[in-house]
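Breakdown of the fold
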Amino acid sequence: MWLIIVSKIDVFKELIRSCICYEREGVANVGAVAKVLNTTPYHVRKQVNILIEEGYLVKGIRKCVWYESNYSYKPCPPVKGYRLTRKAETTELYLIVKKEEEEAFSKSFGWM
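Residues numbered from 1 in each chain as written. Predicted model: local features only at pLDDT ≥ 70, side-chain atom pairs only at ≥ 80, totals over all residues. Heavy atoms only, no water.

**Digging into the overall build of the protein chain**
Within the protein chain, the secondary structure is distributed over five helices and four strands. Mapped in sequence order, the helices and strands of the protein chain form the string α-α-α-β-β-β-β-α-α. Here the protein chain holds 112 residues, and the buried ones make up 32% of them. The long-range share in the protein chain, meaning contacts at least 24 apart out of those at least 6 apart in sequence, stands at 62%. By element, 57% of the accessible surface of the protein chain is carried by carbon and sulfur atoms, the whole surface being about 8100 Å². (Helix = DSSP H or I, 4+ residues; strand = E, 2+ residues; numbered from the N terminus. Buried < 20%, exposed > 50% of the residue type's maximum accessible area, 1.4 Å probe, protein only. Contact = heavy atoms within 4.5 Å. Areas by Shrake-Rupley, 256 points an atom, 1.4 Å probe, with all protein chains shown as cover.)

**A closer look at the packing of aromatic side chains**
Within this structure, the stated rule accounts for two aromatic pairs. A ring pair is formed by Phe-12 and Tyr-56, whose centres lie 5.4 Å apart and whose planes are at 45°; its orientation type is tilted. Here Phe-12 is found in helix 1 (residues 8-20), whereas its partner Tyr-56 is found in the loop between helix 3 (41-53) and strand 1 (57-62), with 44 residues between them in sequence. For the residue pair Phe-12 and Tyr-56, the accessibility class agrees, reading buried in each case. An angle of 55° between the planes, with centres 4.8 Å apart, marks the rings of Phe-105 and Phe-109 as tilted. (Phe/Tyr/Trp six-rings, centres within 6.5 Å; stacked < 30°, edge-to-face > 60°.)

**Here we look at the packing of helix 1 against helix 3**
At their nearest, the axes of helix 1 and helix 3 sit 9 Å apart, and the two run at 85° to each other. Classified by the angle their axes make, helix 1 and helix 3 are roughly perpendicular. In this structure, helix 1 contributes Lys-8, Val-11, Phe-12 and Leu-15 to the contact, and helix 3 contributes Val-44, Gln-47, Val-48, Ile-50 and Leu-51. Across the contact of helix 1 with helix 3, the residue classes break down as seven nonpolar, one polar and one charged. (Axes fitted to C-alpha atoms, helices over the stretch in contact; angles between N-to-C directions. Parallel < 35°, antiparallel > 145°, perpendicular 65-115°, else oblique. Nonpolar A, V, L, I, M, F, W, Y, C, P; charged D, E, K, R; others polar.)

**Regarding the pattern of salt bridges**
Under the defined criterion, the tally for this structure stands at five salt bridges. Close ionic contact of Arg-86 with Glu-89 constitutes a salt bridge, the shortest N to O distance being 3.4 Å. Here Arg-86 and its partner Glu-89 are both found in helix 4 (residues 86-89), three residues apart, which amounts to about one turn of the helix. Among the ionic contacts, a cluster of salt bridges with common partners joins Glu-14, Arg-17, Glu-100 and Glu-101. (Salt bridge = Lys/Arg side-chain N within 4 Å of Asp/Glu carboxyl O.)

See below:
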């Protein structure tokens, strides 16, 4: 299996996509991003550390709740990851990725 060494921009784009998703509550997990980019969490974490130093990411925790069919819930463990900062949300890349995701969502549900 070939692993791809990813750039900071590739990791940032995928982190933006993950954080935009409402089901993830704005927290992106390194392992999930690595799987999408077909690389190891080590390579993603190296780029994430650079993005943290530049002020684009902060650590975050997503609290999960799993709802059963009888309206009771059983909490699952929290997911640790990274959130975007205000600085990241003002970048041109964020606006481009957000527009792409909104268009794909609208197209898939026929809202265009």
